[in-house]
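Summary of the model geometry
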Amino acid sequence: MSKPVPADFWTQPVVPLARALIGTTLLVDDVGGVITETEAYDIDDPASHAFGGPRGRNLIMFGRVGRAYVYKIYGIHWCLNFVGGAHPGSAVLIRALEPRYGLERMIERRNLADPRTLCSGPGKLAQALAIDQALNGAPLDQPPFALFLGEAPEIVTGPRIGITKAVDHPWRFGLRGSRYWSRAFPKDG
DNA sequence: ATGACGATGCACT
DNA sequence: GTGCATCGTCATG
């Protein structure tokens, strides 16, 4: 963990932003680790909650950058996004991280001890870091959030997971060689 | 290893 | 009523 996030970090286009977030250390209340997997979602993107313009739950995506967008999926799991990009209506889904800090609290919350699967998926990550609706709209540069850039790592790329529209956009990014992904990336990536 | 399936709430038609 | 930016469990190869 090293330098804090520069002020213009969040206003770069969302795809480079999603790449830049790989290798970043994310803490929520001192629990977290190194982000190993992200996905970009943009406004002109049928798979995005922002598609079709500002309404209902997606309003946060059209608000200030550098904030959390948290939503519930399948009635059960929470998912954490970072609002950012060159224009309103874009965000980065945080899909996985390598646990480094607060392992005991993650293990409690997940009721499972294998570090490999503690945060290997957006729903698991949210559960391990106690992300829920209460953090929707919360600024990422203030507690309980803390974010620290690392050295720029090597990145692998692939199609996004779990969507049925715009399936061919290669907007999923991973920390090359990490064992802490939700699923493998296709070869060559 | 891969695949089916249910859980459970809410946005949208 | 339908469809999710998912996960754990169960079954089968």
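Figured I'd write up the structure that's included with this text. (Residues numbered from 1 in each chain as written. Chains lettered and ligands numbered in written order. Predicted model: local features only at pLDDT ≥ 70, side-chain atom pairs only at ≥ 80, totals over all residues. Heavy atoms only, no water.)

1. Remarks on the protein's contact with DNA strand B
Cut-off, in case you're wondering: The nearness test applies per residue and asks whether one of its heavy atoms lies within 4 Å of the molecule or strand. Whenever a nitrogen or oxygen atom comes within 3.5 Å of another N or O atom, the pair is scored as a polar contact, on the condition that within protein one atom can donate a hydrogen and the other can accept it, and that pairs from neighbouring residues in sequence are kept only if both atoms are in side chains. Following the grouping adopted for this structure description, the nonpolar residues are Ala, Val, Leu, Ile, Met, Phe, Trp, Tyr, Cys and Pro, the charged ones are Asp, Glu, Lys and Arg, and the polar ones are all others, Gly among them.
Near DNA strand B you find R55, R57, K72, Y74, G75 and I76, and these make up its full shell. Counting only atoms of DNA strand B within 4 Å of the protein, the sugar-phosphate share comes to 39%. A distance of 3.4 Å separates a base nitrogen of DNA strand B from a polar atom in the backbone of G75. Looking at the surface near DNA strand B residue by residue, the class counts come to two nonpolar, one polar and three charged.

2. Concerning the protein's contact with DNA strand C
Here is the rule: Helical segments are the DSSP runs of H or I of at least four residues, strand segments are the runs of E of at least two, and each set is numbered from the N terminus.
Around DNA strand C sit 19 residues, and of these Y71, Y74, H77, N81 and R110 come closest. The separation between a base nitrogen of DNA strand C and a polar main-chain atom of A47 is 3.2 Å. One nitrogen or oxygen atom from the side chain of H77 is found 2.8 Å from a base oxygen belonging to DNA strand C. Mapped by element, the contributors of at least two residues to the surface near DNA strand C are β3 (68-73), β4 (77-83), β5 (91-101) and α4 (122-128).

3. Structural notes on unusual backbone geometry
As a reminder of what qualifies: Three exposure classes are used, based on accessible area relative to the maximum for each residue type with a 1.4 Å probe and protein chains only: buried under 20%, partly exposed in between, and exposed over 50%.
Here the residue pair P143 and P144 is connected by a cis peptide bond, since its omega of 10° sits within 30 degrees of zero. Inspection of the secondary structure assignment puts P144 in the loop between α4 and β6 (145-148). Phi angles above zero are rare outside glycine, and D29 is one such case at about 55°. Here D29 lies in the loop between β1 (25-28) and β2 (31-41). Its relative accessible area of 43% is what places D29 among the partly exposed residues. The backbone of Y74 shows a phi angle near 55°, a positive value even though the residue is not glycine. Tracing the sequence through the fold places Y74 in the loop between β3 and β4.

4. Regarding the pairing of β6
Convention followed: Strand pairing follows a simple DSSP-based rule, namely that at least 2 bridges must link the two strands.
Along β6, the buried face is formed by F145 and L147; none of A146 and F148, which line the opposite face, is buried. In the sheet, β1 pairs with β6 via four bridges, with the strands oriented antiparallel. In the sheet register, L27 faces β6, and the bridge partner there is A146.

5. Let's talk about the packing of aromatic side chains
Under the convention used in this document: Planes of paired rings set the category: under 30 degrees apart is stacked, over 60 is edge-to-face and the rest tilted, where pairs are Phe, Tyr or Trp rings (Trp by its six-membered ring) whose centres lie within 6.5 Å. Charge over a ring is defined by NZ of Lys or CZ of Arg lying within 6 Å of the ring centre and within 35 degrees of the ring normal.
Enumeration according to the criterion identifies four aromatic pairs in this entry. Counting every residue linked through ring pairs, the aromatic cluster contains F9, W10 and F82. Note that R160 overlies the ring of Y41, its terminal NZ or CZ placed 4.5 Å from the centroid. The lysine or arginine in question, R172, covers the ring of F185, its NZ or CZ lying 3.7 Å from the ring centre.

6. Focus on the nonpolar core
Quick note on the threshold: As used here, the term nonpolar core means buried Ala, Val, Leu, Ile, Met, Phe, Trp, Tyr and Cys residues forming a set that is joined through side-chain atoms within 4.5 Å. Any pair of residues with heavy atoms lying within 4.5 Å of one another is described as a contacting pair.
Counting residues in hydrophobic clusters, the biggest one holds 38 residues, and the most contacted among them are L26, L80, F82, L129, I131 and F145. Excluding residues within four positions of it along the chain, L26 makes contact with V31, G32, G33, I35, L80, F82, L97, L129, F145, A146 and L147. One finds Y41, Y71, V83 and L93 within the second-largest nonpolar core, a separate group that totals 10 residues.

7. Topic: the side chain of S120
Tracing the sequence through the fold places S120 in the loop between α3 (115-118) and α4. In terms of polar contacts, S120 uses its side chain to reach the side chain of K124, at 3.1 Å. Discounting chain neighbours no more than four positions away, the residues touching S120 are R95, A96, W181 and S182.

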